[in-house]
Amino acid sequence: MVGTALCSSSAAALNQIFEVDRDKVMKRTQQRPLVQGTLSMTQATTAAAVWGVGGTGLLYVMCDPVTASLGAGNIALYAGAYTYLKPISITNTWVGAVVGAIPPVMGWSAATGGSMLDPPALILGSLLYLWQMPHFFALSYMYREDYKRGGFAMVPCLESDGEKTSQLVVRYTWYLSTVPVVATLAGV
């Protein structure tokens with residue numbers, strides 16, 4: 001848990017480093033440490049590096065190389081692909097959901113010695129992936145004006161009536177409702 005938390009902290013710090021200018025114009029992120037100047041860019045970069053190396057190293061030593069690779073890969077996916085895509089493509093939401101689905105797979109991998117393709121791991125990952133979609137679409141609709149100010153390409157920012165957003169919430173809620181059935185049929 002500590003290794004996963006450190007990897008997550010590293011990814012979050014890197015995201016805030018890369019988005020400090022966007023965070024300055026969004027109401028919900030204006031209190032972040034880099035925006036407020038309570039942390040310097042050097043301090044944030046050092047923390048991100050220490051947490052990333054420490055978390056990945058801890059997962060490698062205390063768990064296994066697969067779990068450590070998932071942790072390092074998730075840092076890169078969040079701070080790299082997801083953060084990069086946020087201002088240019090609505091696909092950022094789907095990439096971000098992968099980031100959220102990986103930690104339970106890491107937990108399964110750590111508990112089983114490196115197995116991440118077992119049905120329980122795939123079901124756990126699918127559950128988190130699918131849950132995040134209605135959750136985030138609802139949040140991004142609620143904060144759509146803030147996301148627009150920040151220049152982010154979120155589905156609710158690109159529509160006037162919320163129709164596509166609500167359709168996505170309903171669609172992914174239906175997908176999510178199949179997970180218990182699949183888990184039961186798979187004996188998980």
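As the structure is a computational prediction, the values presented were derived from the model and not from experiment. (Residues numbered from 1 in each chain as written. Predicted model: local features only at pLDDT ≥ 70, side-chain atom pairs only at ≥ 80, totals over all residues. Heavy atoms only, no water.)

## Section: the packing of aromatic side chains
Aromatic ring pairs are reported here in terms of the distance separating the ring centres and the angle at which the planes meet.
And then number 1: Taken as a whole and assessed by the stated rule, the structure comprises five aromatic pairs.
And then number 2: The interplanar angle of 75° and the centroid separation of 5.9 Å between the aromatic rings of Tyr147 and Phe152 together place this pair among those described as edge-to-face.
And then number 3: A connected cluster of aromatic rings, assembled from ring pairs, spans Phe136, Tyr147 and Phe152.
And then number 4: Positioned above the aromatic ring of Tyr143 is the side chain of Arg28, whose terminal nitrogen or guanidinium carbon lies 5.5 Å from the ring centre. (Phe/Tyr/Trp six-rings, centres within 6.5 Å; stacked < 30°, edge-to-face > 60°. Lys NZ or Arg CZ within 6 Å of the ring centre and 35° of its normal.)

## Notes on the environment of Asp146
And then number 1: Here Asp146 shows up in helix H8 (residues 144-150).
And then number 2: Residue class for Asp146 comes out buried when judged on its relative accessible area of 4%.
And then number 3: As for Asp146 and Val25, which are separated by 121 residues in sequence, their C-alpha atoms are 8.0 Å apart.
And then number 4: Setting aside its immediate chain neighbours within four residues, Asp146 contacts Val25, Met26, Lys27 and Arg28.
And then number 5: Only 2.9 Å separates the side chain of Asp146 from the backbone nitrogen of Arg28, close enough to count as a polar contact. (Helix = DSSP H or I, 4+ residues; strand = E, 2+ residues; numbered from the N terminus. Buried < 20%, exposed > 50% of the residue type's maximum accessible area, 1.4 Å probe, protein only. Contact = heavy atoms within 4.5 Å. Polar contact = N/O pair within 3.5 Å; in protein donor to acceptor, adjacent residues only side chain to side chain.)

## Description of the nonpolar core
And then number 1: Ranked by internal contacts, the top residues of the largest apolar core, which has 13 residues, are Tyr129, Leu130, Met133, Phe137, Leu168 and Tyr172.
And then number 2: Breaking this core down by element, the ones donating at least two residues are helix H6 (92-112), helix H7 (119-142), helix H9 (163-177) and helix H10 (179-185).
And then number 3: No other element matches the five residues that H7 contributes to this core.
And then number 4: The residues contacting Leu168, other than those within four sequence positions of it, are Trp94, Phe137 and Val155.
And then number 5: Ala11, Leu70, Ile102 and Met106 belong to the second largest nonpolar core, which has nine residues in total. (Core = buried A, V, L, I, M, F, W, Y, C linked by side-chain atoms within 4.5 Å.)

## What about the packing of H6 against H7?
And then number 1: Relative to each other, H6 and H7 sit at 145°, their axes nearing to 8 Å. Helix-helix and strand crossings are classified by hand; for H6 and H7 the assignment is right-handed. Of the residues in H7, those in contact with Thr93, Trp94, Gly96, Ala97, Val98, Gly100, Ala101, Pro104, Val105 and Trp108 of H6 are Pro120, Ala121, Leu124, Gly125, Leu128, Tyr129, Gln132, Met133, Phe136 and Phe137.
And then number 2: For the contact of H6 with H7, a count of residues per class yields 15 nonpolar, five polar and no charged. (Axes fitted to C-alpha atoms, helices over the stretch in contact; angles between N-to-C directions. Left-handed = near helix turned anticlockwise from the far one by under 90°. Nonpolar A, V, L, I, M, F, W, Y, C, P; charged D, E, K, R; others polar.)

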